[in-house]
Amino acid sequence: MKTQVAIIGSGPSGLLLGQLLQRAGIDNIIIERKDPAYILSRIRAGVLEQGMVDLLREAGVGARMDREGLVHDGFELAFDGRCERIDLKSLTGGQTVMVYGQTEVTRDLMEARQAAGALTVYDAEDVQLHELKGERPYVTFQKNGERVRVDCDYIAGCDGFHGVSRQSIPAETLKVFERVYPFGWLGVLADTPPVNEELVYANHARGFALCSMRSPTRTRYYVQVSAEERVEDWSDERFWEELKRRLPTHLAERLVTGPSIEKSIAPLRSFVAEPMQYGHLFLLGDAAHIVPPTGAKGLNLAASDVSTLYRILLKVYREGRTDLLQRYSAICLRRVWKAERFSWWMTSLLHKFPDTDAFSQRIQQTELDYYVGSQAGRQTIAENYVGLPYEAVE
Ligand code: APR
Ligand code: PHB
C-alpha cells in the first residue's frame with residue numbers, strides 16, 4: 001500500500017488529523033491496533049477549549065457538538081467552605097469552553113471518516129516504523145496472518161502513551177521529563193442531574209473532588225484516592241458518601257446520587273518527550289506528552305498538536321514549504337509546556353499530598369484565596385483554562 005501520511009493510532013489525535021488531511025485532499029491511512037468498539041468504550045475527558053471547538057468545526061465534525069454540547073462561561077473553585085466562581089467569559093474577553101465528551105468527539109470523527117471512505121486498518125498487530133531518517137519511510141504490520149507494508153511521505157505517531165511511535169525514536173535522542181503523582185482519580189459516570197450548572201473543583205482536607213458532567217442528565221464525578229486504591233473496594237455508596245464529604249454544604253445537600261454506569265481509577269502523571277519529531281516521524285497527543293487531568297488539558301493539547309502538523313503539511317503539499325517541517329516540535333513544545341505548567345499547578349493547589357500537613361493545607365487555601373481575591377489572579381486562571389492561543393505557522 002501507498003499513502004502520503006501514515007497515521008498510527010485512531011484516538012482523537014489520529015482521527016482529527018486524518019479528517020483534516022482528508023478534507024484537504026491529502027491521502028492518509030490510519031493503522032490502529034484495537035477495534036472500533038474498544039475505542040468507543042473508553043470514558044475520557046470532557047472539556048473542549050475554544051481552539052479545539054473551532055478546529056472540529058473546520059474539520060466538518062462540529063454539528064452534533066454544536067447541538068448537544070454545553071457551553072460553559074465559568075467554573076467554581078471550592079475551598080475552605082467557600083465557593084468562588086471563575087467567570088471565564090468576562091475574564092478572557094468572551095472566551096468559553098464546551099462540555100462535550102471525548103467519546104462523542106471520537107464517535108463523530110469515526111463516522112465522518114467512514115462517510116469519506118478513508119481507510120482505517122483496525123486490529124493491526126506488531127506495527128513497526130522503518131527508515132524514519134530517510135526520504136522514504138514505511139510502516140509494516142500484521143493483519144489476518146499477513147505482513148502488510150505501507151509506503152508514505154510522513155508518519156504521524158498518534159498512538160498514545162504506550163504506543164510504538166515514541167519507542168521507535170532512539171532513546172539517546174529523546175529527553176524525557178516526568179512526574180508521577182502519589183494519588184489517582186476515582187471517576188464515576190451516572191445518569192443523575194449535575195449538582196451544579198458548572199464544573200466544581202474542590203480542595204478539601206480529605207482530598208480533591210471534581211463535579212463534571214456529560215449532559216443535563218449525565219454526570220461525571222471524581223474523588224482523589226491513594227495510588228494503591230482498588231476500584232473493587234469502592235461501592236457506589238462509599239463513593240457518593242466520600243464525594244459529599246468533600247463538597248461545600250450547599251452542594252452536598254443537593255447532590256443527587258444514583259447507580260454508576262462506569263467506575264474506574266486513573267493515575268496522575270506529567271510527562272513530556274523532547275523533541276516531538278525524528279526524521280519523517282512526528283509525535284502528537286499522548287504519544288508525546290501527558291498532563292494530570294486537573295486542568296482539562298490532555299485532549300486539548302492533542303488538538304493543538306494536530307492543528308500545528310496539519311497547517312505545516314498543508315504548506316508542504318501546496319507550496320513546497322518543506323522548511324517548515326523542522327519547526328514542528330519547537331512550535332508544539334512551547335504550548336505543551338505552558339499547559340504542563342498549568343496542569344501541574346492546578347494539581348498541586350487542589351490535591352492532598354502525602355506530606356500535606358496543617359501548614360501546607362493553610363498555604364493551599366491562602367494561595368487559592370490570594371488568586372481569587374485579585375483580578376490578575378482570576379485572569380491568569382481563566383486564560384489558561386480556556387486555552388492559550390495556537391501559534392501561527394508561517
Ligand atoms: N499501533 C497502532 N495503534 C496503537 C498502538 C500501536 N502500537 N499503540 C496504541 N495504539 C492506539 C490505541 O489503541 C489508541 O486507540 O493509539 C490510540 C491512541 O489514542 P489515545 O491514547 O486516546 O491518544 P490521543 O489520540 O493522543 O488522545 C489524546 O487526550 O484526554 C487525553 O488521554 C486522553 O486519550 C486522550 C488524549
Ligand atoms: C471530565 O468531565 O471528565 C473532566 C472535566 C474536567 C477535568 C477533568 C475531567 O479537569
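Note: the structure precedes this text.
Model, not experiment: these values are computed from the prediction. (Residues numbered from 1 in each chain as written. Chains lettered and ligands numbered in written order. Predicted model: local features only at pLDDT ≥ 70, side-chain atom pairs only at ≥ 80, totals over all residues. Heavy atoms only, no water.)

What the chain contains, in helices and strands, is twelve helices and 20 strands. Whereas a compact globule of 394 residues would reach a radius of gyration of roughly 21 Å, the chain reaches 21 Å, a difference of no more than 12%. Dimensions of the chain, computed from the C-alpha atoms along their principal axes, are close to 60 × 45 × 45 Å. The proportion of buried residues among the 394 residues of the chain is 56%. When contacts within the chain are restricted to residue pairs at least 6 apart in sequence, long-range pairs at least 24 apart make up 72% of them. Accessible area for the chain stands at about 16800 Å²; split by element, carbon and sulfur atoms hold 49% of it. Within the chain, one finds 47 positive and 53 negative side-chain charges whose respective centroids are separated by 1 Å. (Helix = DSSP H or I, 4+ residues; strand = E, 2+ residues; numbered from the N terminus. Rg over C-alpha atoms; globule rule 2.2 N^0.38 Å. Buried < 20%, exposed > 50% of the residue type's maximum accessible area, 1.4 Å probe, protein only. Contact = heavy atoms within 4.5 Å. Areas by Shrake-Rupley, 256 points an atom, 1.4 Å probe, with all protein chains shown as cover. Lys, Arg positive; Asp, Glu negative; His and termini not counted. Charge placed at Lys NZ, Arg CZ, Asp CG, Glu CD.)

Scanning the model with the defined rule gives 28 salt bridges in all. In this structure, the salt-bridge partner of Arg85 is Asp87, at a minimum N-O distance of 3.3 Å. Of the residues examined, Arg85 reaches a relative accessible area of 31% and is grouped as partly exposed. Assessed through its relative accessible area of 25%, Asp87 is described here as partly exposed. Residue Arg269 is joined to Glu178 by a salt bridge in which the shortest nitrogen-to-oxygen separation is 2.3 Å. One end of the pair, Arg269, is in strand β17 (residues 260-274); the other, Glu178, is in strand β13 (residues 175-190), and 91 residues separate them in sequence. Given a relative accessible area of 26%, Arg269 falls into the partly exposed group. Since its relative accessible area comes to 44%, Glu178 is described here as partly exposed. Connected via shared salt-bridge partners are Arg64, Glu68, Glu104, Arg107 and Asp108. (Salt bridge = Lys/Arg side-chain N within 4 Å of Asp/Glu carboxyl O.)

The subject of this paragraph is the packing of aromatic side chains. Centre distance and the angle of the planes are the two values used to describe a pair of aromatic rings. If you walk through the whole model with that rule in mind, you get 18 aromatic pairs. With a centroid separation of 5.4 Å and an interplanar angle of 85°, the aromatic rings of Phe177 and Trp337 are classed as edge-to-face. Of this pair, Phe177 sits in strand β13 while Trp337 sits in helix α10 (residues 328-350); the two residues are 160 residues apart in sequence, bridging distant segments of the chain. Among the aromatic residues, those joined into a cluster by ring pairs are Phe75, Trp185, Tyr201, Phe208, Tyr222 and Tyr385. In this structure, Lys34 packs its charged tip against the face of Tyr38, placed 4.6 Å from the ring centre. (Phe/Tyr/Trp six-rings, centres within 6.5 Å; stacked < 30°, edge-to-face > 60°. Lys NZ or Arg CZ within 6 Å of the ring centre and 35° of its normal.)

In this section: the side chain of His130. Inspection of the secondary structure puts His130 in strand β9 (residues 125-130). There is a polar contact of 2.7 Å between the side chain of His130 and the side chain of Thr140. Those residues in contact with His130 that sit more than four places away from it in its chain are Pro137, Tyr138, Val139 and Thr140. (Polar contact = N/O pair within 3.5 Å; in protein donor to acceptor, adjacent residues only side chain to side chain.)

Around ligand 2, the structure places 15 residues, and the nearest of them are Tyr201, Ser212, Arg214, Tyr222 and Pro293. In this structure, an oxygen atom belonging to ligand 2 sits 2.7 Å away from a side-chain N or O atom of Tyr201. The backbone of Ala296 places a nitrogen or oxygen atom 3.4 Å from an oxygen atom of ligand 2. For ligand 2, whose accessible area on its own is 280 Å², the fraction buried by protein is 98%. Broken down by secondary-structure element, the contributors of at least two residues to the shell around ligand 2 are β15 (209-215) and β16 (218-226). Broken down by element, the shell around ligand 2 gets its largest block of residues, three residues, from β15. (Near = heavy atom within 4 Å.)

Here we come to the state of the cysteines. Using the criterion set out here, one finds zero disulfides in the structure. With no disulfide partner, Cys158 has as its closest neighbouring cysteine sulfur the one in Cys332, 11 Å distant. (Disulfide = S-S within 2.5 Å.)

Another aspect to go through is helix α9 (residues 298-319). For α9, built from 22 residues, the straight-helix expectation of 32 Å at 1.5 Å per residue is met to within 8% by its first-to-last C-alpha distance of 32 Å. Here α9 lies mainly inside the structure; 16 of its 22 residues are buried. With its phi angle positive at about 70°, Gly320 sits one or two positions after the end of α9. (Expected span 1.5 Å × (residues − 1).)

Taken together, the three strands give an open sheet; going across it, the order is β9-β10-β11, and neighbouring strands pair in antiparallel fashion. On the outer flanks of this sheet lie β9 and β11 (146-151), each paired with one strand and no other. Between one strand axis and the next, the sheet turns by 15° as a mean value, whatever way the strands run. Where β9 meets strand β10 (residues 138-143), four bridges bridge the pair, whose relative direction is antiparallel. Note on β10: the bridge partner recorded for His130 is Tyr138. (Pairing = 2+ DSSP bridges. Axes fitted to C-alpha atoms, helices over the stretch in contact; angles between N-to-C directions.)

Attention shifts here to the pairing of β10. Two elements, β10 and β11, share six bridges in a ladder whose sense is antiparallel. Bridge pairing in β11 places Phe141 opposite Val148. The antiparallel pairing of β10 with β11 creates a hairpin that spans two residues between the two strands, and Asn144 there sits at a positive phi of about 50°.

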